[in-house]
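Geometric and topological summary
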Amino acid sequence: MIKVVILIGGPMKGTRFRPLSLELPKPLFPIGGFPVVYHHIEACVKIPELKEIILIGFYQSSESLSKFISSAQQEFNIPIRYLQEFQPLGTAGGLYHFRDQISMGDPDSFVVLNADMMGDYPLREFVEFHMQHIGEHSVLATEANKRQAHKFGCLVEDPSNHKVLHYVEKPEAFLSEVINCGIYIFSPTALFKLMHDILQENYHKMSEEPFSTSVETVRMGEDVLPNLASSGTLYSFKTRSYWTLLKSAGSAIYANRNVLSSYHKTHPDLLAQNGVNKPHIIGDVYIHPSATVHASAVLGPNVSVGSNVNIGAGARVRETILLDGAELKDHCCILYSIIGWNCSIGVWSRVEGSRCDPNPNEEFAKPDGESLFGNDGKLTPSITVLGRNVTIPGEVIVLNSIVLPHKDLSQSYKNEIIL
Amino acid sequence: MKALILVGGYGTRLRPLTLSKPKPLVEFCNKPMVMHQIEALVEQAGVKHIILAVSYRAEMLENEMKEQQKRLGITITISHEKEPLGTAGPLALARDHLTVDEEPFFVLNSDVVCAFPFKQMVDFHKSHGREGSIVVTKVEEPSKYGVVVYEPKTGRIDKFVEKPQVYVSNKINAGLYIFSPKILERIDLKPTSIEKEIFPKMASDDNLYAFDLSGFWMDVGQPKDFLTGMVLYLHHLREEEPSLLREGPGIIGNVLVDPTAKIGEKCRIGPNVVIGANAVIQDGACLSRCTILQEAVVRSHSWIHSAIIGWKSVVGQWVRMEGVSVLGEDVIVKDELYVNGGRILPHKSISNSSPEPQIIM
């Protein structure tokens, strides 16, 4: 028997995803037309002998979250529960806090996924790999390049048996090109014993540093994984499938492209088709059934259109996510952007961002642009993001900008954050 | 009567357009710039002989002028300077043409467009009987120009003040003159500035008078002013000859369209647009404050404001162009690009956006 825990974080997290995460928990942000965590659940239900899925985070239980959970339970026919941390307990503290819930029913192992990543990760093979060393632990790893690896958790394995010899979270110097994907399989008894020891140690340190806030927190990358590595009980399973963190809004466009592309295999019915009296579709496009798109509009590649979106005559949309209820008036052009819920774009206006994809000439490159500002203090050109209910008038350009919710713009903007 | 038009050099300020055509032949509001002047000289003042003072060889100009002299039944002479002679030297070079009789002659800066007052200039010049009359026009910011100080009643010019820091006058030299042949005694065959070296002397011996221009005036020698001049000229057409302007659904304000140009459906054209012969504007394009030269194509859903689109250029679908962008001849701008203040040289194909003003070689 196996369980899945998805760590969904909380409202003080996901700040690089603002202004979109101001409105909606980031795990519910739609990629390829469906929430991020929906894709995780869909991948997890393929695990044999899966008993339940537990979401752990510190979002206040909200209507959007509970609606999502109940519809996902029905669709995938699996029990899904949300357990709310009363306060952030570090990237692994939530697991320890809810150890009784996780251990209930005595699962051999449980899978842990961080919700802030997307990928085409091979969960089934990963579980099979783990079964060869039940009682110990596994981490899913992928490759990064030398330039970027240090921004992730890096690990070194013994190639003969895949045992992790050394683990460092975001090392200062180069350690390895093998990085942690944020997906693990743990054996509950051994893991919770280790976490208990870590907390004990924190408690003893408290007498030395009485104002330390870390007494109740356990961090996955800094506390748990290095310990497991040095005790010789962590194994790595390497995948070369596409994988990305969803930190910045720019990475959402990259993830959207990969998810849409995966639909060719998994859900070809979700991809829009060309046809008489239908808009012109280029490449992979998802259109929600309730959206209205004029037949003279041109969409794609890499476009997701949310529910009740209205797209006017002669509109052009490329490399963009249109969230529910957005309205695109005639002749407008939207490139490399996320258009928030209920936004309105005027006639002949242009909303354009810059491509934030990983460098295609670098092997194993991941999306850059994790920070909003460059070393020169200027806004780094990135995708354009419009928050909820932003109105763009006709004939203007909004280029490489971030517009916070509920703004009525009256002119063009370039390279600005508009409060 | 005779007229000398100071064409001068290569017209570098109007590049990239002047890389394909000599500046006098670049169409301003669907007519070569120099033809605005030539036709007005012929129609208003009965000018029979026009001398173009040019400091470079331009076969294209010579051939075109041969056609035009036949069409208009006049003589057009190209006076070719071996070295640039400034604004006065060309008069000395053309001395033989200008002194065939005692009649006064016109001298024009070739970059000027306005409601040409040639008839009134002749009357004014004859009324005071001195060596020269220059047209002056009012400007908003006189401190950027050389201004003319003159007696309002008679027009007698007192002095010229270069970029005045304290207000002395808001009238500037408009680049249109009429002179009696006697002026030639003041000019030697060498590079000379008529404004700086000849006019002050004429003013000091009371031989120069100012004629106040009432209508619009613009020096259209560079792209920004070319577009401003276009707006003024179209406004002038609205008042003088509104039948030349296009009306109808999708047309806003003053729009001049050659009859051979094609405009698609659901476009919005204007205000202040000029579309040249055989140009094609496809469905759903939006144009304002721009000139589309002959045989250029603007494809569907593009938005163009403040730009000059060169001959035979193609602007792709969903292109946004603004900020005094100028496309030379036969430029291709691929679909969905953004060009702001770009100067794009002829025969270039653009496949990346240019969001900040730059020259694309």
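In this text the structure is predicted, and so the values were computed from the model without any measurement. (Residues numbered from 1 in each chain as written. Chains lettered and ligands numbered in written order. Predicted model: local features only at pLDDT ≥ 70, side-chain atom pairs only at ≥ 80, totals over all residues. Heavy atoms only, no water.)

Moving on to the interface of chain B and chain A. Taken together, the 17 residues of chain B in the interface contact 19 residues of chain A. Looking only at chain B, the three residues that lose the most surface to chain A are W318, R320 and E336 of chain B, adding up to 43% of its buried area. Across the salt bridge formed by E395 of chain A and R268 of chain B, the nearest N and O atoms sit 2.6 Å from each other. Among the elements of the structure, β23 (320–322) and β26 (338–340) of chain B are those that each provide at least two residues to the side of chain B that touches chain A. Considering only residue class, the side of chain B that touches chain A consists of seven nonpolar, five polar and five charged. (Contact = heavy atoms within 4.5 Å. Buried area = accessible area lost by both parts, 1.4 Å probe. Salt bridge = Lys/Arg side-chain N within 4 Å of Asp/Glu carboxyl O. Helix = DSSP H or I, 4+ residues; strand = E, 2+ residues; numbered from the N terminus. Nonpolar A, V, L, I, M, F, W, Y, C, P; charged D, E, K, R; others polar.)

Membership of the largest hydrophobic core comes to 77 residues, with the highest contact counts inside it found for I6, I53, V111 and I338 of chain A. Here this core takes eight residues from helix α9 (residues 249–266) of chain A, the largest share from any one element. When residues no more than four places from it in sequence are discounted, the contact partners of V111 of chain A are I2, K3, V4, V5, I47, L123, V127, I183, Y184 and I185 of chain A. M65, V112, C114 and A174 of chain B belong to the second-largest nonpolar core, a separate cluster that totals 41 residues. (Core = buried A, V, L, I, M, F, W, Y, C linked by side-chain atoms within 4.5 Å. Buried < 20%, exposed > 50% of the residue type's maximum accessible area, 1.4 Å probe, protein only.)

Turning our attention to the sheet that holds strand β26 (residues 391–392) of chain A. All names here are of chain A. Strand order in the open sheet made by the five strands is β16-β19-β21-β23-β26, with parallel pairing throughout. At either margin of the open sheet sits one strand with a lone partner, and together these are β16 (292–293) and β26. Sheet topology note: the strand β23 (residues 344–345)/β26 ladder contains two bridges and is parallel. Directly across from I345, in β26, lies its bridge partner I392. (Pairing = 2+ DSSP bridges.)

Of note, the amide linkage connecting R15 of chain B to P16 of chain B takes the cis form, showing an omega dihedral of 5 degrees. One can find P16 of chain B in the loop between β1 (2–8) and β2 (27–28). You will see that N77 of chain A, though not glycine, has its phi angle at about 55 degrees, which is positive. Within the secondary structure layout, N77 of chain A lies in the loop between α3 (63–76) and β5 (80–84).

On to the pattern of salt bridges, then. Throughout the structure, instances matching the rule amount to 29 salt bridges over all chains. For the salt bridge of K247 of chain A with D116 of chain A, the shortest nitrogen-to-oxygen distance reads 2.9 Å. Of this pair, K247 of chain A sits in the loop between β13 (243–245) and α9 while D116 of chain A sits in the loop between β6 (109–114) and β7 (117–119); the two residues are 131 residues apart in sequence, bridging distant segments of the chain. The partner of K193 of chain A in a salt bridge is D197 of chain A, with the nearest N and O atoms 3.0 Å apart. With a gap of four residues between them, K193 of chain A and D197 of chain A both fall in helix α7 (residues 188–206), about one helical turn apart. Because the salt bridges share partners, they merge into one network encompassing R13, K23, D111 and D219 of chain B.

Residue and element names in this part refer to chain B. Strand order in the open sheet formed by six strands is β15-β18-β20-β22-β25-β28, with parallel pairing between adjacent strands. Two strands bound the open sheet, and with one partner strand each, they are β15 (262–263) and β28 (349–350). Sheet topology note: the strand β20 (residues 297–298)/strand β22 (residues 314–315) ladder contains two bridges and is parallel. The partner of V297 across the bridge, within β22, is V314.

So, on to the pairing of strand β9 (residues 146–150) of chain B. Residue and element names in this part refer to chain B. For β9, the tally of buried residues reaches four of five residues, placing the bulk of the element in the interior. As judged from the five bridges shared by β9 and strand β10 (residues 157–162), these two strands associate in the antiparallel manner. Across the sheet, residue G146 finds its bridge partner in β10, namely E162. Linking two consecutive strands that pair antiparallel, namely β9 and β10, is a turn of six residues; a positive phi of about 90 degrees is found at G155 within it.

Turning our eyes to something else, we now look at the packing of aromatic side chains. Enumeration over the complete set of coordinates arrives at 22 aromatic pairs over all chains. Plain terms: the ring middles of Y184 of chain A and F186 of chain A are 5.4 Å apart, the flat faces sit at 25 degrees to each other, and that makes the pair stacked. Looking at F186 of chain A, the relative accessible area reads 0%, which means it is buried. These aromatic residues form a ring-pair network of at least three members: Y96, F110, Y184, F186 and F192 of chain A. The lysine or arginine in question, K146 of chain A, covers the ring of F174 of chain A, its NZ or CZ lying 5.4 Å from the ring centre. Of note, R320 of chain B hangs over the ring of W303 of chain B, and the distance from its end group to the ring centre comes to 3.9 Å. (Phe/Tyr/Trp six-rings, centres within 6.5 Å; stacked < 30°, edge-to-face > 60°. Lys NZ or Arg CZ within 6 Å of the ring centre and 35° of its normal.)

For the rest of this paragraph, the subject is the environment of G387 of chain A. Residues and elements named next belong to chain A. Mapped onto the elements, G387 comes out in the loop between β25 (384–386) and β26. When its relative accessible area of 0% is taken as the criterion, G387 is described as buried. When residues no more than four places from it in sequence are discounted, the contact partners of G387 are P19, G340, C343, V403, L404 and P405.

Take the confidence of the model for chain B next. Mean pLDDT for chain B: 92, with 100% of residues reaching 70 or above. Predicted complex metrics record ipTM = 0.79 and pTM = 0.84. (pLDDT = per-residue confidence, 0-100.)

The subject of this paragraph is the state of the cysteines. Defined simply, a disulfide is a covalent bond joining two cysteines at their sulfur atoms. All names here are of chain A. The tally for this structure, following the rule as stated, stands at zero disulfides over all chains. The thiol sulfur of C332 is not disulfide-bonded, and the nearest other cysteine sulfur, from C333, lies at 7.6 Å. Take C343: it sits in no disulfide, and the sulfur closest to it among the cysteines is that of C332, at 12 Å. Take C343: its relative accessible area is 1%, and that puts it in the buried class. (Disulfide = S-S within 2.5 Å.)

All names here are of chain A. Mapped onto the elements, T217 comes out in the loop between α7 and α8 (220–230). Here T217 falls in the buried class, since its relative accessible area comes to 18%. Beyond its immediate sequence surroundings of up to four residues, T217 is in contact with P88, L89, G90, L199, N202 and D223.

In this section: the environment of F17 of chain A. Mapped onto the elements of the fold, F17 of chain A is located in the loop between β1 (2–9) and α1 (20–23). Remark: the alpha-carbon pair of F17 of chain A and H39 of chain A, spanning 22 residues in sequence, is separated by 18 Å.

Okay, the side chain of S288 of chain B next. All names here are of chain B. With respect to the secondary-structure elements, S288 resides in strand β19 (residues 286–292). Within polar-contact distance, the side chain of S288 engages the side chain of H305 at 2.8 Å. Setting aside residues no more than four positions away along its own chain, S288 makes contact with G270, P271, N272, V273, I304, H305 and S306. (Polar contact = N/O pair within 3.5 Å; in protein donor to acceptor, adjacent residues only side chain to side chain.)

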